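Here are the chains, one letter per residue:
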Amino acid sequence: MNILLTAINAKYIHSNLAVYSLRAYVPEYREEIQIAEYTINQQVDNILMDLYRKKPDILCFSCYIWNLDYVEQLVREAGKILPGVPIWIGGPEVSYDSPAVLQRLPEVFGVMKGEGEETFRELVHYYMEGGSLEKIDGITYRGEKGQILDNPWRPVMDLSKVPFVYHDMKDFQNKIVYYETSRGCPFSCSYCLSSVDKCLRFRDLELVKKELQFFLDEKVPQVKFVDRTFNCKHGHAMEIWRYLIEHDNGITNFHFEVSADLLNEEELSLISQMRPGLIQLEIGVQSTNARTIREIRRTMKFEEVARIVRQINAYGNVHQHLDLIAGLPYEDYESFRRSFNDVYALAPEQLQLGFLKVLKGSYMEEQKEQYGLVYKSRPPYEVLYTKWLPYSDVLRLKRVEEMVEVYYNSRQFSYTLVALEKAFPDSFSMYEQLGAYYDEEGQTFLSHARVTRYEILYAFAKKIDPEREELYRELLIFDFYLRENAKSRPAFAGEETMKKEEQQQFYDEEAKAHKYLVGYEKWDKRQLRKMTHIERFGYRVTEDAARGETVLLFDYQNRNPLNYEARVVEVCEMEEETVF
């Protein structure tokens, strides 16, 4: 028997924890279960050919909001080239309307609803040893006469019974590793399916520590916790964070989704002690409109969130990613502007501007008529408009989203944006007008090289605030070299500001004295030049942007582990001054 678990990931660097957990839960038939991972960026025909060559006896697909359309294409064609092979699908995107899914996809034999480990194990035993599908909870399937039969949902399971799936890390080279220590969520947000399962449970902490040590020993670059609200149980979070501090390998980064206003002073104190880059936090704000927050049944005190985000920012050791959702009830364009400005003022490392997805089975879907909520018919069921937010405003927000992603979240224009924002009434207006400028100049739907983004921003800044044109040019040069060890000078930067003779003199002296650079003692002048850049500025770009000549050295061997910016040193005759 050849049972094939198929995962269609969003990107190559992603892995699918679900299919590995299913296989691990049936160790007695492990040799009969294969895993095949692909991405939505591959051609459907190529995946079909590969599936055909694997000759499955049972074909299973893992379904999510971002891959369901793609999986449905595969299923329809796979049913033709693999006639007689039972096709099973599972996952959150097919669990809550499974009879309708089977009506829509005649090629599919059955749906595994909800948690899949126990259900999959019983299905494997059914196909390997015989029995009756009627006795398997958690499935919807076709009867002998083609009728759709819907068995009861399966009770939630003990999370500690799920085997650890990571043993040979060769299968996960160059991929993000996903890990869970809890299932369920204590909150009831109306747009989320996590609230449907009211049973919040945790994995045994001794098991968790043993498994975390495996990741640390293997020096895995990043482990992403998929717990919906990691810090909803303080003792659980504290134990894990203490363990990570005590056993830190100096390399591995751990990503957590947290509710910031639940973090207490003990947890914050612990976070302050962490190595820069040990953890990163994702915080869902969604909106700062109090009526919106109440309507979506969310528990969130923004004043407390703001206080804690600022406190963690002050530590300088944690990447924070804050989320907003456009299209929520009672939030119009101006209300969203205020939410954006409120969150932007907290200066997170990333600000994710997302759009409401109306998930089947969610309370939000039940209320769609009341909200005048219209959304796309195909996954990911994204909002088109509401009675508060017309489609024209959704398009305006799409433009803002693109600008925020390109210019803010890339972290490539940080100093320029801080200065440019002063030319606008608020931060939202800057991205709003930048997006309009892209449209006016015919740049919106083009694929731009990274350096072109600098040139467009420079042209925009000159148009908006011509009196500070030279300041913006120098800030863009600074931002460029802060991250790019580029030996080809961009056009907007103009001619070299340091003469060859000056550079030669500096590197001659540095190779002998090592006055400004650390960790280069055994390097020759050629190697020093390769890993550094030196630039003269007419403004104090790292301070108050006041006029005043300065020479800065960008050191690419010693980067900030949190944001990957080069170490910057001010070069002077008398003393060394590390800028940051």
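Relevant structure appears above.
Figured I'd write up the structure that's included with this text. (Residues numbered from 1 in each chain as written. Predicted model: local features only at pLDDT ≥ 70, side-chain atom pairs only at ≥ 80, totals over all residues. Heavy atoms only, no water.)

Some points on the overall build of the protein
A tally of regular secondary structure across the protein gives 21 helices and 21 strands. Here the C-alpha radius of gyration of the protein, 27 Å, is about what a compact globule of 580 residues would show, namely 25 Å. With respect to the three principal axes, the spread of C-alpha positions in the protein is 85 × 55 × 50 Å. Taking all 580 residues of the protein together, 53% fall into the buried category. Summed over its atoms, the accessible surface of the protein is roughly 26300 Å², and 49% of this surface lies on carbon and sulfur atoms. Between the centroid of the 73 positive side chains of the protein and the centroid of its 93 negative side chains there is a distance of 2 Å. (Helix = DSSP H or I, 4+ residues; strand = E, 2+ residues; numbered from the N terminus. Rg over C-alpha atoms; globule rule 2.2 N^0.38 Å. Buried < 20%, exposed > 50% of the residue type's maximum accessible area, 1.4 Å probe, protein only. Areas by Shrake-Rupley, 256 points an atom, 1.4 Å probe, with all protein chains shown as cover. Lys, Arg positive; Asp, Glu negative; His and termini not counted. Charge placed at Lys NZ, Arg CZ, Asp CG, Glu CD.)

Looking at the environment of Glu-484
For Glu-484, the location among the structural elements is in the loop between helix 19 (469-483) and helix 20 (500-513). Note on Glu-484: relative accessible area 17%, which makes it buried. Along the chain, Glu-484 and Glu-32 lie 452 residues apart, while their C-alpha atoms are 49 Å from each other. Beyond its immediate sequence surroundings of up to four residues, Glu-484 is in contact with Arg-450 and Tyr-556. (Contact = heavy atoms within 4.5 Å.)

Focus on the sheet that holds strand 13 (residues 279-286)
Hydrogen bonds between backbone groups are what pair the strands of a sheet, and the pairing can be parallel or antiparallel. One open sheet accounts for six strands, arranged 8-11-12-13-14-15; its pairing is parallel. With one partner strand each, in any of the chains shown, strand 8 (177-179) and strand 15 (350-355) form the two edges of the open sheet. Adjacent strand axes in the sheet meet at a mean angle of 25 degrees when their direction is disregarded. For strand 14 (residues 319-326) and strand 15, the ladder comprises six bridges, and the chain directions are parallel. Residue pairing for strand 15: His-321 is matched across the bridge by Gln-350. The sheet contacts of helix 7 (residues 205-217) involve strand 8, strand 11 (222-225) and strand 12 (253-258), and relative to strand 8 the element is tilted by about 170 degrees. Packed on one face of the sheet, helix 15 (residues 391-408) meets strand 14 and strand 15 and runs near 155 degrees to strand 15. (Pairing = 2+ DSSP bridges. Axes fitted to C-alpha atoms, helices over the stretch in contact; angles between N-to-C directions.)

Comments concerning helix 6 (residues 117-129)
In this model, helix 6 (13 residues) spans 18 Å end to end at C-alpha, consistent with the 18 Å of a helix rising 1.5 Å per residue. Listed as buried for helix 6 are Glu-117, Thr-119, Phe-120, Leu-123 and Val-124. The arc that holds every buried residue of helix 6, seen down its axis, measures 160 degrees, which confines them to one face. Looking one or two places after helix 6, you find Gly-130, whose phi comes out positive at around 95 degrees. (Expected span 1.5 Å × (residues − 1). Arc of directions from axis to C-beta.)

Observations regarding unusual backbone geometry
The peptide bond linking Pro-379 to Pro-380 adopts the cis configuration, its omega dihedral lying at 10 degrees. Structurally, Pro-380 can be placed in the loop between strand 16 (374-375) and strand 17 (383-385). A positive phi is found at Asn-174, a non-glycine position, where the angle reads about 65 degrees. Residue position: Asn-174 is located in the loop between strand 7 (148-150) and strand 8. Take Asn-174: its relative accessible area is 64%, and that puts it in the exposed class. Its identity is not glycine, yet Arg-297 carries a phi of approximately 60 degrees, on the positive side.

Some points on the environment of Val-19
Within the secondary structure, Val-19 is located in helix 1 (residues 17-24). For the pair Val-19 and Asp-97, spaced 78 residues apart in sequence, the C-alpha separation works out to 21 Å. If sequence neighbours within four positions are ignored, Val-19 has contacts with Leu-5, Thr-6, Ala-7, Ile-35 and Ser-62.

Observations regarding the packing of aromatic side chains
This structure, assessed with the given rule, holds 44 aromatic pairs. A centroid spacing of 5.6 Å and a plane angle of 15 degrees characterise the contact between Phe-340 and Tyr-344, whose relative ring orientation is stacked. Taken together, the residues Phe-340 and Tyr-344, both in helix 12 (residues 333-344) and four residues apart, mark about one turn of the helix. Overall, Tyr-344 belongs to the buried group, its relative accessible area being 9%. With a centroid separation of 6.2 Å and 90 degrees between ring planes, the pair formed by Phe-480 and Phe-492 is classed as edge-to-face. Of the two residues, Phe-480 sits in helix 19 while Phe-492 sits in the loop between helix 19 and helix 20, which places them 12 residues apart along the sequence. Accessibility assignment for this pair places Phe-480 and Phe-492 in one class, buried. The residue whose ring lies beneath Arg-121 is Tyr-25, and the NZ or CZ to ring-centre distance is 5.7 Å. Looking at Arg-396, its charged tip hangs above the ring of Tyr-333, at a distance of 3.7 Å from the centre. (Phe/Tyr/Trp six-rings, centres within 6.5 Å; stacked < 30°, edge-to-face > 60°. Lys NZ or Arg CZ within 6 Å of the ring centre and 35° of its normal.)

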